[in-house]
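Each chain, letter by letter, is given below.
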Amino acid sequence: MQFFKDAKILIAATFVMSAPFIPSTAHAGALFDELPRCNATMTVYHVRDGLHAAGPVPVIDIVDVTEVAGRSDAQRKCRGTAITDSDPRPVTFDIGWHDPVNGIPYFRGLLEE
C-alpha cells in the first residue's frame, strides 16, 4: 500500500512541477482561428459588459442573438435583444479582428433606443 501512496505523490509532484512549462493559450499561437460566432457565450459576455460599462442603462443580458451578415474570416454583424433593468431593447453589434495575426477579435455594440 505504501508503494501506491508514494506513486500518487510522485505523479502529483511531477504534474505540479511541470505545470509552469505547459504553454499558455496566448503564447501557443493565435487565440482564435476564426471569428467567434454572434451567439457564442464569450461574445455575448463581452458585448454585454461593454454596453453595461459604456451607458447609463444597465444591461443584464443579451438574448435572441442572430447573425445578420458577415464573413467568417473578416467581420460579423449581429442583432439581439438587450435585457435591461427597465425594458428589453434592441442591440446591434459587430465582431471583427483587432489583431488578426494573433487571433484577437474586437466586439463593438450599440444599444438602440
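That block above? That's the structure.
Notes on the structure in this doc start here. Note that this is a predicted model, so its numbers are computed, not measured.

## Description of unusual backbone geometry
- A positive phi angle, near 55°, is found at Asp64, a position not held by glycine.
- Here Asp64 is to be found in strand S1 (residues 59-71).
- Among the residues examined, Asp64 registers a relative accessible area of 62% and is labelled exposed.

## Describing the state of the cysteines
- Under the defined criterion, the tally for this structure stands at 1 disulfide.
- Disulfide pairing is shown between Cys38 and Cys78; the S-S distance is 1.9 Å. When the S-S torsion is -65°, as for the bridge of Cys38 with Cys78, the disulfide is left-handed. Of this pair, Cys38 sits in the loop between helix H1 (2-18) and helix H2 (41-54) while Cys78 sits in strand S2 (residues 75-84), and the two are 40 residues apart along the sequence. Assigned by exposure class, Cys38 and Cys78 land together as buried.

## A short note on the pairing of S2
- Residues Arg76, Cys78, Gly80, Ala82 and Thr84 of S2 are buried on one face, while the alternating residues Gln75, Lys77, Arg79, Thr81 and Ile83, pointing to the opposite face, are not.
- Where S2 lies against strand S3 (residues 89-99), 8 bridges are found, and the strand directions are antiparallel. The residue bridging Gly80 from the neighbouring strand is Val91, located in S3.
- Count of turn residues in the S2/S3 antiparallel hairpin: 4 residues.

Here is what the cut-offs are and how they apply
Residues numbered from 1 in each chain as written. Predicted model: local features only at pLDDT ≥ 70, side-chain atom pairs only at ≥ 80, totals over all residues. Heavy atoms only, no water. Helix = DSSP H or I, 4+ residues; strand = E, 2+ residues; numbered from the N terminus. Buried < 20%, exposed > 50% of the residue type's maximum accessible area, 1.4 Å probe, protein only. Disulfide = S-S within 2.5 Å. Pairing = 2+ DSSP bridges.

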